[in-house]
Amino acid sequence: MPSIEVRPFHRRDREQLTGLVNSHAAAVVPGMGVSVATVLSQLEREPGEFIVDPWVGERRTLVAVQRDRIVAAAHLLRYSSDDRVSTTYRGIGEIRWLLFWPEVPASNNPYWPDTTKAAEKLIADCIRQLEEWGVASQEADGELPVPGVYGVPEQWPHIRALYERAGFAHAGHTEVVYLIRVEELPHPAGPPLAGLAVRRSVGINGTRLSAVLGSECIGYIELDIFEEGERLPRHGRWADLGNLHVTEPHRRRGVATWLLAQAADWLRLAQVGRLLTYAWLEGQDGTGQSYDGYRTFLSAVGFLELTHTKRGWTRTPDN
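The rules we used
- Chains are numbered independently. Their residues run from 1 in the order of the written sequence.
- With the structure being a predicted model, the display of local features is reserved for residues of pLDDT at least 70 and the display and counting of side-chain atom pairs for 80 or more, all residues being used for whole-chain, interface and lining totals.
- Where side-chain values are given, they derive from all heavy atoms of the structure, hydrogens and water being excluded.
- Think of each axis as a best-fit line through the C-alpha atoms, taken over the contacting stretch in the case of a helix, with angles from 0 to 180 degrees between the N-to-C directions.
- Counting from the N terminus, the helices are the DSSP runs of H or I reaching at least four residues and the strands are the DSSP runs of E reaching at least two.
- These descriptions rest on fixed angle ranges, namely under 35 degrees for roughly parallel, over 145 for roughly antiparallel, 65 to 115 for roughly perpendicular, and the rest for oblique.
- We call a crossing left-handed when the near helix sits turned anticlockwise from the far one by less than a right angle, and right-handed when that turn is clockwise.
- Residue contacts are defined here by distance: any two heavy atoms, one from each residue, within 4.5 Å place the two residues in contact.
- Residues are sorted three ways: Asp, Glu, Lys and Arg are charged, Ala, Val, Leu, Ile, Met, Phe, Trp, Tyr, Cys and Pro are nonpolar, and all the rest, Gly among them, are polar.
- In these notes, a set of buried Ala, Val, Leu, Ile, Met, Phe, Trp, Tyr and Cys residues joined through side-chain atoms within 4.5 Å is what counts as a nonpolar core.
- Remark: exposure states derive from per-residue accessible area (1.4 Å probe, protein chains only) relative to the maximum for the residue type, with buried under 20%, exposed over 50%, and partly exposed in between.
- For the purposes of these results, a polar contact is taken to be a pair of N or O atoms within 3.5 Å, where, inside protein, one atom must be able to donate a hydrogen and its partner to accept one; residues adjacent in sequence count only when each atom of the pair is a side-chain atom.
- Only centres within 6.5 Å qualify two rings of Phe, Tyr or Trp (six-membered ring in Trp) as a pair; their planes then separate them into stacked at under 30 degrees, edge-to-face at over 60, and tilted for everything else.
- Remark: a charge is flagged as sitting over a ring if the NZ atom of Lys or the CZ atom of Arg is within 6 Å of the ring centre and within 35 degrees of the ring normal.
- Two strands are counted as paired when DSSP detects at least two bridges linking them.
- When a carboxyl oxygen of Asp or Glu is within 4 Å of a side-chain nitrogen of Lys or Arg, the pair counts as a salt bridge.

Describing two packed helices takes the angle between their axes plus the distance from one axis to the other. The N-to-C vectors of helix H3 (residues 116-133) and helix H4 (residues 157-165) enclose an angle of 50 degrees; their axes lie 10 Å apart at closest approach. If you check the angle between H3 and H4, you find them oblique. Considering how the two elements wind past one another, H3 and H4 form a crossing that is right-handed. Residues Thr-116, Ala-119, Glu-120 and Ile-123 of H3 form the contact with H4, whose own contacting residues are Leu-162, Tyr-163 and Arg-165. Grouping the constituent residues of the contact of H3 with H4 by class yields four nonpolar, one polar and two charged.

Okay, here's the thing in structure tokens:
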């Protein structure tokens, strides 16, 4: 067994680390990948997480080296304990993500070592760091700096098994990640209700397209186009669909489909090729919202299920 070294991340590791990140991302979202600059940026801070990121008190990135190769890596966060931090985050420690190259048969490539021991050594050091920080609880996730990749997706059985062997259990919920090519979205047609018009404005998650009937807004959809050059995937432009909402009296009358068609037209003008969205698989989110109807709608208009991903992994610290 080749020797294994677990040590802090060095800048010279950046290319190998980015390759590890992009290989795991591409298994979840086709063609997805980000630049070295994007990966390095997340190790320092996450400006897109403008609420949660300022609560982080410490960050630490560890890598496992085997035969002079980065075979595993993990990014850790410790959230502060002061009053400005939400009680759900106060004092917790998190493995923001942990990745390693999966095992391959020795007959496939005798020079490619089994990395399982390296990954186990890495997660043991992660847990040791969380314990040294004295965190209130130990959490784990797979939140890469990549659109559509978070939790522990079903395409990462080696990560799930490693977390479970280390004592982490899935105590949260499961989400479905969806994708559609913009060219497959419906094209704008006449409004389903007489007098219905679309209005464009700034939303909390990108550009908002509102369905306006007279003086009343009866629904809206928001589109977040990934603009930063270093965050863009390798092929084409992408966007997130967020906050599709229709008021109760106007549901099941074609308003949501009409709004999606308006959104598709806007994305085509912006030369966006693919659109992502997300929904809980079961239960209700923190606001009490159920996603059963939304999942049915997404399937009906042609969205493809990319993955089911499990969020909310937790571990009871050793006594």
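Having put the structure on the table, let's press on.
Another aspect to go through is the nonpolar core. Ile-95, Leu-98, Leu-122, Tyr-163, Phe-168 and Leu-276 are the most contacted members of the largest nonpolar core, which totals 58 residues. For this core, the elements supplying multiple residues, two or more each, are helix H1 (14-26), helix H2 (36-44), strand E2 (56-66), strand E3 (69-79), strand E4 (93-100), H3, H4 and strand E8 (174-181). For this core, the leading source of residues is H3, giving eight residues. Membership of the second largest hydrophobic core comes to 36 residues, among which are Leu-193, Ala-264, Leu-298 and Phe-303.

Below, the discussion takes up the side chain of Thr-309. Examined against the element boundaries, Thr-309 turns out to sit in strand E14 (residues 304-310). A distance of 3.1 Å separates the side chain of Thr-309 from the backbone nitrogen of Val-152, its partner in a polar contact. Ignoring anything within four residues of it in the chain, the contact list for Thr-309 reads Tyr-150, Gly-151, Val-152, Pro-153, His-173, Thr-174, Glu-175 and Val-177.

This paragraph deals with the packing of aromatic side chains. The geometry of an aromatic ring pair is captured by the separation of the ring centres together with the interplanar angle, meaning the angle of the planes. In total, this model carries five aromatic pairs according to the counting rule given. Arranged with centres 6.0 Å apart and planes meeting at 45 degrees, the rings of Tyr-163 and Trp-313 form a pair that is tilted. In this pair, Tyr-163 sits in helix H4 while Trp-313 sits in strand E15 (residues 313-315), placing the two residues 150 residues apart along the sequence. These aromatic residues form a ring-pair network of at least three members: Trp-55, Tyr-79 and Tyr-89. Residue placement shows Arg-208 over the ring face of Tyr-220; its charged tip is 3.9 Å from the ring centre.

So, on to the sheet that holds strand E10 (residues 206-213). Ordered by their spatial adjacency, eight strands build an open sheet running E6-E14-E8-E13-E12-E11-E10-E9, and the pairing between neighbours is mixed. Unpaired on one side and paired on the other, strand E6 (152-153) and strand E9 (196-203) mark the two borders of the sheet. Here E10 pairs with strand E11 (residues 216-225) via seven bridges, running antiparallel. Looking at E11, one finds that Thr-207 is bridged to Leu-223.

Next up on the list: the pattern of salt bridges. Evaluation of the coordinates by the stated rule reveals 20 salt bridges. Among the salt bridges present, the one from Arg-208 reaches Glu-222, with a minimum N-O distance of 2.7 Å. Of this pair, Arg-208 sits in strand E10 while Glu-222 sits in strand E11, and the two are 14 residues apart along the sequence. For Glu-248, the salt bridge is made with Arg-251, and the minimal N-O distance between the two is 2.8 Å. Given a relative accessible area of 46%, Glu-248 falls into the partly exposed group. Look at Arg-251 and you get partly exposed, because its relative accessible area is 34%.

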